[in-house]
Amino acid sequence: MIPPVMLISAYRSRLWVRLTLAGLVALTLLVLACRPAPPAPRGDLILATTTSVQDSGLLEALIPVFEAGVDVNVKPIAVGTGAALRLAEEGNADALFVHAPDAERALVDAGHAYNRHLVAYNDFVIVGPRTDPANIAGGTDAAMAFTAIAATEARFISRGDDSGTHKRERAIWAEVGIVPGDSWYAESGQGMGATLIIADQKLAYVLTDRGTFLALSDDVDLIPLVEGDPALLNLYSVLQVSPAKLGVNALAAVAWIEFMLSEEAQAIINDFRRDEFGRPLFHAAAGLQEAEVIERFAAQAADG
Amino acid sequence: MDLLWDGIKEAFNLWIRGDAEIIEITLRTLAVSSLATVVSLVLGVPIGAALALKRFPGRRPLVALVNTGMGMPPVVVGLFVAIMLWRSGPFGGLGLIYTPWAIVIAQFVIAVPLVIGISLAAIQAIDPKLLDQMIALGANRLQLLWLIVREARLGLLAALMAGFGAVISEVGASIMVGGNIAGETRVLTTATVLETSRGRFEVAIALGVMLLVLAYLVNLVFTSAQQRRPA
């Protein structure tokens, strides 16, 4: 016969085993339950972008569709591309939607951003007053047109804000070896819409993106004069800011880039206000390389 | 001139239709600017009273600083507040940038020197003998402050109106720290800038008219309070 004391202790030890087992099972369940589910993007996404996609209304067509699919709230900050890139560099934005390929590559090379994808393109147009004092109408060579404007000292309004459009304008001046800055050349320091309005009032030439120009075509009496030059191709890309920077919402940025490359977003871009103007404001470009876009653009320009 | 007329008509259309977006922007503008003004009043009036009544070394340079602040450009305030609130800034962790709170903070910084400066001048104009008498009669601090507010009523309401007028009409700080985000930080002034750059001048004029009407109605209330004959 087993002494009662031992019985109790045996029972106790069984109890301990049971408790330990139960605890282990509970712990395992807990760990399983807490194991991170595939992380879902959420929170705010600060999207540093350019005035052209805001002034034309494209952002308002894209953002609600994106927000309907994910638990992310987009905060678009429309500034010049120069300022947008700086916001990214400082980690004050999560994603970019901009149009300055050279500056974007520099940003990627410096490690501030990556995951760069071409999403849309349209073109820049040299527009000006109907009187066309520099006689550039019908041309397809941006460099020649700029040379003629400088030679006749016809009034020219520049953005002057380090935006993508301004960067392109400066590149063309640099190509023709002219340093504009005399009395015929003025900087507005404002967005594309405001600059077109100023150029209209001052009967001046201006380099503009196609989208903003079409969106404002009812309000300004400027006409497209030079178009179709490959140097006037306008490439829009999305990028995500390096998650190494403090507070960057990388998951939301990835979701945004995936969305912009999706068929749904590409269709929105391609059809945006197309019926209204009888021609597209933006062309879809997801999955294309820059060289392919240049080819397409040249073909479209040749078709007129 | 047709454009101006169209704009005014558009303003009435938007009001009558009860355009949801315009109403939302108007209410946000009112809420943000009122909050900024109230906070600047709560903090600014006591500081103004202290500067008016106390004598201490360094008072004059301090008053000169306040008076300089009364003319501070909103964009400069916006830039400094943005640098503070950006993620890269010292208060970046609070996540306030591009929220209405950021606009309230910037507008507070714009309004508070106005409130201090004007209340200082109003309180300094009170006859010091009156205050001495009250102290002699055994008034406590609270009673004294209440007397000051009563006596300087006209000037303090002027401070309130100047502060509110400055913040509801500024655009530079709001656009910089708020980002002009639709449905979140868009206020009447920043919406006007956007609609102008989009070439939608009628809507821009309509927003401008609404801003004027709003400012007038608010000031009408304050002015009635200010000009009421004391009982």
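Remember, it's a predicted structure, so these values are computed and weren't measured experimentally.

**Student:** For the overall build of chain B, give the residues involved together with the corresponding values.
**Tutor:** Secondary structure assignment for chain B yields 11 helices and 0 strands. Counting only C-alpha atoms and orienting by the principal axes, one finds that chain B spans roughly 65 × 50 × 25 Å. Per-residue burial over chain B gives 42% buried out of 231 residues. When contacts within chain B are restricted to residue pairs at least 6 apart in sequence, long-range pairs at least 24 apart make up 78% of them.

**Student:** Got a sec to walk through the overall build of chain A? Specific residues and values, please.
**Tutor:** Counting secondary structure elements, chain A contains 13 helices and 10 strands. Taken over the C-alpha trace, chain A has a radius of gyration of 28 Å; the compact-globule value for 304 residues is 19 Å, which it surpasses by more than 25%. Structurally, chain A occupies a C-alpha span of about 120 × 35 × 35 Å along its principal axes. Considering chain A as a whole, with its 304 residues, one finds that 45% of them fall into the buried category.

**Student:** Please provide a residue-by-residue account of the interface of chain B and chain A, values included.
**Tutor:** Listed by partner, the interface residues are 13 residues for chain B and 18 residues for chain A. When the residues that make up the side of chain B that touches chain A are grouped by side-chain class, the tally is 4 nonpolar, 6 polar and 3 charged.

**Student:** Lay out the environment of Met176 of chain B in plain terms, naming residues and giving numbers.
**Tutor:** Residue and element names in this part refer to chain B. When you line up the elements, Met176 lands in helix 9 (residues 172-178). With 27 C-beta atoms counted inside 10 Å, the residue Met176 sits in the buried group. Filtering out sequence-adjacent residues up to four positions away, Met176 remains in contact with Val75, Gly78, Leu79 and Ala82.

**Student:** Would you mind going over the confidence of the model for chain B in detail, with residue names and values included?
**Tutor:** Caution applies to low-pLDDT parts of the model: their predicted coordinates are not meant to be read in detail. Residue and element names in this part refer to chain B. When pLDDT is averaged across chain B, the result is 90; 98% of the residues are at 70 or more. By mean pLDDT, helix 1 (residues 2-17) is the weakest element of chain B at 80, and helix 5 (residues 100-124) is the strongest at 96. We note a pTM of 0.81 for the whole complex and an ipTM of 0.77 for its interfaces.

**Student:** Hey, could you go over helix 1 of chain B for me, with residue numbers and the actual values?
**Tutor:** Side chains of residues three or four places apart in an α-helix project in the same direction, reflecting 3.6 residues per turn. The end-to-end C-alpha separation of helix 1 of chain B is 22 Å, in line with the 22 Å expected for 16 residues at 1.5 Å each. Once helix 1 of chain B finishes, Gly18 of chain B follows within two positions and takes phi at roughly 65°, a positive value.

**Student:** Explain the pairing of strand 7 (residues 206-209) of chain A to me, using residue names and the numbers behind them.
**Tutor:** As a general feature of sheets, a regular strand has side chains that alternate between the two faces. All names here are of chain A. Residues Val206 and Thr208 point to one face of strand 7 and Leu207 and Asp209 to the other, with burial holding for every one of them. As paired strands, strand 4 (residues 113-129) and strand 7 are joined by 4 bridges and run antiparallel to one another. If you follow Ile126 over to strand 7, its bridge partner there is Leu207.

**Student:** Residues and numbers for the nonpolar core, please.
**Tutor:** Counting residues in hydrophobic clusters, the biggest one holds 149 residues, and the most contacted among them are Ala95, Leu96 and Trp256 of chain A. With 17 residues, the top contributor of residues to this core is helix 5 of chain B.

Cut-off values and rules
- Residues numbered from 1 in each chain as written.
- Chains lettered and ligands numbered in written order.
- Predicted model: local features only at pLDDT ≥ 70, side-chain atom pairs only at ≥ 80, totals over all residues.
- Helix = DSSP H or I, 4+ residues; strand = E, 2+ residues; numbered from the N terminus.
- Buried ≥ 20, exposed ≤ 12 C-beta atoms within 10 Å, placed from the backbone.
- Contact = placed C-beta atoms within 7 Å.
- Rg over C-alpha atoms; globule rule 2.2 N^0.38 Å.
- Nonpolar A, V, L, I, M, F, W, Y, C, P; charged D, E, K, R; others polar.
- pLDDT = per-residue confidence, 0-100.
- Expected span 1.5 Å × (residues − 1).
- Pairing = 2+ DSSP bridges.
- Core = buried A, V, L, I, M, F, W, Y, C linked by C-beta atoms within 7 Å.

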